[in-house]
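# Coordinates in review
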Amino acid sequence: MGLNIKPLADRVLVEPKEAETKTASGIIIPDNAKEKPQKGTVVAIGNGTKDEPLTVKVGDTVLYGKYGGTELKLEGKDYLMMRESDILAII
């Protein structure tokens, strides 16, 4: 991937999936009504803490809370930096 960022401790960098642009029935969703995505791909991880090693790995697709993480823009792309505890599940 070539990102020049290394999360520290139990932090994880996630690339959010694009918000849905259409409903299942084909209705187009305008930008101001789109739900914030809650699924993404792990692109970088920290080393964990002494007491708790990380369980996610780079490439995992994860679910996270709607308002989890801190938004970052790196090399023109949007990312979220969050603690592993903000991740709800690996899918």
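Residues numbered from 1 in each chain as written. Predicted model: local features only at pLDDT ≥ 70, side-chain atom pairs only at ≥ 80, totals over all residues. Heavy atoms only, no water.

The condition is simple: UniProt positions are given in the numbering used here, feature names are shortened, and annotations may be inferred rather than shown by experiment.
Per an unreviewed UniProt entry, the recorded name for the chain is Co-chaperonin GroES, and the organism is Winogradskyella thalassocola. Under the UniProt heading Sequence similarities (unreviewed entry), the entry covering the chain gives this text: "Belongs to the GroES chaperonin family."

### Some words on the pairing of strand β4 (residues 70-74)
Spelled out, the test is: The criterion for strand pairing is that DSSP finds at least two bridges linking the strands in question. Runs of H or I in DSSP of at least four residues are treated as helices and runs of E of at least two as strands, each being numbered from the N terminus.
Bridging between β4 and strand β5 (residues 77-83) involves 5 bridges; their strand directions are antiparallel. Residue Leu74 lies in a different strand from β5, and its bridge partner there is Lys77.

### A closer look at the pattern of salt bridges
Two side chains bearing opposite charge may form a pair once their charged atoms approach each other closely. Stated formally: By definition, a salt bridge exists where a carboxyl oxygen of Asp or Glu is found within 4 Å of a side-chain nitrogen of Lys or Arg.
All told, the structure shown has 4 salt bridges when counted by the stated rule. A salt bridge links Arg83 to Asp10; the shortest N-O distance between them is 2.7 Å. With Arg83 in strand β5 and Asp10 in the segment before β1 (11-16), the pair connects residues that are 73 residues apart, well separated along the chain.

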